[in-house]
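# Results of the structural survey
Each chain, written out:
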2 protein chains.
Amino acid sequence: MELYLIRHGIAQEHQPGLKDEERQLTKEGRQKTEKVAQRLLKLDLHFDLILTSPLVRAQQTAEILIAAGLSSQLEISHYLSFEGDINSWLKDWLEIRNYTQQTTIALVGHEPCLSSWAEILLWGEAKERLVLKKAGMIGIKLPDDGSPLGRSQMFWLTPPKYLL
Amino acid sequence: MELYLIRHGIAQEHQPGLKDEERQLTKEGRQKTEKVAQRLLKLDLHFDLILTSPLVRAQQTAEILIAAGLSSQLEISHYLSFEGDINSWLKDWLEIRNYTQQTTIALVGHEPCLSSWAEILLWGEAKERLVLKKAGMIGIKLPDDGSPLGRSQMFWLTPPKYLL
């Protein structure tokens, strides 16, 4: 099973009267994310499923990936909001869902959550040692059996500038 | 200070009468490494210095990077052979050399050494959780002061296939 952790693109700044969860991608954020999506397509990537945080800037990012043809399945997952945690998600995903080793899933969300999830998968704890830029991504391979926590391997970490 | 850890390209298989340290890049290994070098150049990368393991396949890889114009300085470093270790190298480099924070250095070497070095810089110990393919690379930013061990950050990890 492969996980691709993708951070949302550049979004509107915080401003009075605008709830954090309603901040949208800026024009630049949208364009850069579309370019990243096109590049991922050229690299022959395809996701069986994209799970996205319910926040608008993440949903818009996920929709750009879908529109580019990187997946045909999109679901909103509250585990990917700021209140989510990886242990609950994995428990839900691996135990309740019909988990197969061939699955490739993209998770679209936020920092510092996504890089913490990655570190917990790799090393068992989060120490803020990974830099995940907006519209950047991390690729992780989960072990074929046993707990993935502290036992997974990272094969990719890239800022968008190296994809454009 | 930024470190780019670059694994040598595809090399000849082990065979009787051929010492490990004399194994050369194959034609495919040379071509792929040249393509990676061209891509790094397009991405505006430049190294103040390339240090390479003394083994032939690493030296040949480093020479391809030099020929592409990614650096004009090449040195052989025995710390990058299989007997080397990062603590000694850092001690040598950071204490004895005239170390500046602006320096960008590429280290060309071998697995599992390079990804272990990376993990020690990020996490303080090596757990084999990073996948570094031949002609792939890792980008690490060292902290501005204090020991870099267990305190550095990774901003890039890529196999060559995502650079071609």
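Thresholds, definitions, all that
Residues numbered from 1 in each chain as written. Chains lettered and ligands numbered in written order. Predicted model: local features only at pLDDT ≥ 70, side-chain atom pairs only at ≥ 80, totals over all residues. Heavy atoms only, no water. Least-squares fit on C-alpha atoms with pLDDT ≥ 70 in both. Contact = heavy atoms within 4.5 Å. Buried area = accessible area lost by both parts, 1.4 Å probe. Polar contact = N/O pair within 3.5 Å; in protein donor to acceptor, adjacent residues only side chain to side chain. Helix = DSSP H or I, 4+ residues; strand = E, 2+ residues; numbered from the N terminus. Nonpolar A, V, L, I, M, F, W, Y, C, P; charged D, E, K, R; others polar. Phe/Tyr/Trp six-rings, centres within 6.5 Å; stacked < 30°, edge-to-face > 60°. Buried < 20%, exposed > 50% of the residue type's maximum accessible area, 1.4 Å probe, protein only. 1 Å grid on protein atoms, 1.4 Å probe; cavity = no way out; pocket = protein on both sides within 12 Å on 5 of 7 lines; lining within 4 Å. Points joined across faces, edges and corners; volume = space filled by probe spheres on them. Axes fitted to C-alpha atoms, helices over the stretch in contact; angles between N-to-C directions. Parallel < 35°, antiparallel > 145°, perpendicular 65-115°, else oblique. Left-handed = near helix turned anticlockwise from the far one by under 90°.

### Quick word on the relation of the copies chain B and chain A
The relation between the two copies of this chain is a rotation about an axis and a shift parallel to it. Note on the copies: chain B fits chain A at an RMSD of 0.0 Å, the axial shift is 0.0 Å, and the rotation between them is 180°. These values place the two chain copies in the arrangement generated by a two-fold rotation axis. It is Leu-157 of chain B whose C-alpha, among those of chain B, lies nearest the rotation axis, at 2.4 Å. A symmetric contact is evident, with 100% of the interface residues of chain B recurring at the interface of chain A.

### Points about the interface of chain B and chain A
Contacts between the two partners involve 26 residues from chain B and, on the opposite side, 28 residues from chain A. Carbon and sulfur atoms supply 55% of the area buried between chain B and chain A, which totals about 2300 Å² over both sides. Three residues, Trp-123, Arg-129 and Tyr-162 of chain B, lead the burial of chain B against chain A; their summed loss comes to 38% of the area buried on that side. Here chain B and chain A share 16 residue pairs in polar contact (both at pLDDT 80 or more) between them. Secondary structure elements with two or more residues in the side of chain B that touches chain A: helix H4 (113–123) and strand E6 (153–158) of chain B. Sorting elements by how many residues they give to the side of chain B that touches chain A places E6 of chain B first, with six residues. Looking at the side of chain B that touches chain A, its residues break down into 15 nonpolar, four polar and seven charged.

### Side note on the packing of aromatic side chains
What describes a pair of aromatic rings is the distance from one ring centre to the other and the angle between the planes of the rings. Here the structure, examined in full by the defined rule, presents eleven aromatic pairs over all chains. For the pair Tyr-4 of chain A and Trp-156 of chain A, a centre-to-centre distance of 6.5 Å together with 85° between the ring planes defines the contact as edge-to-face. Highlighted residues: Tyr-4 of chain A in strand E1 (residues 2–7) and Trp-156 of chain A in strand E6 (residues 153–158), separated in sequence by 152 residues. Like Trp-156 of chain A, Tyr-4 of chain A is buried. Relative to Trp-117 of chain B, the ring of Trp-89 of chain B lies with its centre 5.8 Å away and its plane at 35°, an arrangement referred to as tilted.

### Here we look at unusual backbone geometry
All names here are of chain A. The linkage connecting Glu-111 with the following residue, Pro-112, adopts the cis geometry, with an omega of 5°. Turning to its location among the elements, Pro-112 is positioned in the loop between strand E4 (104–109) and helix H4 (113–123). Look at Ala-135: it is not a glycine, yet its phi comes out positive at around 65°. Using a relative accessible area of 4% as the deciding quantity, one classes Ala-135 as buried.

### As for empty space enclosed by the protein
Empty space among the atoms can be located by rolling a probe the size of a water molecule over them. All names here are of chain B. Overall, the coordinates contain one cavity of 30 Å³ or more when judged by the stated rule. There is about 40 Å³ of room inside the largest cavity. Lining the largest cavity, in full, are Ile-6, Arg-7, Thr-33, Val-36, Leu-40, Thr-61, Leu-65 and Ala-135. Mapped onto the lining of the largest cavity, the elements with two or more residues apiece are strand E1 (2–7), helix H1 (27–42) and helix H2 (56–67). For the lining of the largest cavity, the leading source of residues is H1, giving three residues. Its residues assigned to classes, the lining of the largest cavity comprises five nonpolar, two polar and one charged.

### Here's the deal with the layout of surface pockets
Of the voids in this model, the largest pocket is the one considered here, and its volume is about 310 Å³. Taken together, 19 residues make up the lining of the largest pocket; nearest its centre are Lys-133, Pro-159, Lys-161 and Tyr-162 of chain A together with Phe-155 of chain B. When contributions to the lining of the largest pocket are tallied by element, the ones reaching two or more residues are E1 and E6 of chain B. Looking at side-chain class alone, the lining of the largest pocket contains nine nonpolar, three polar and seven charged residues. By volume, the second largest pocket is sized at about 270 Å³. Lining of the second largest pocket is provided by 16 residues; of these, Lys-133, Lys-134, Pro-159, Pro-160 and Lys-161 of chain B occupy positions nearest its centre. Elements with a minimum of two residues in the lining of the second largest pocket: E6 of chain A together with H1 of chain B.

### Things to note about the packing of helix H1 (residues 27–42) of chain A against helix H2 (residues 56–67) of chain A
All names here are of chain A. It is at 9 Å that the axes of H1 and H2 come closest, and there the two elements cross at 40°. Put simply, H1 runs oblique to H2. The way H1 lies across H2 gives a crossing that is right-handed. Judged by residue contacts, Arg-30, Thr-33, Glu-34 and Ala-37 of H1 engage Gln-60, Thr-61, Ile-64 and Leu-65 from H2. For the contact of H1 with H2, a count of residues per class yields three nonpolar, three polar and two charged.

Purely spatial values, then, with no claim about function.
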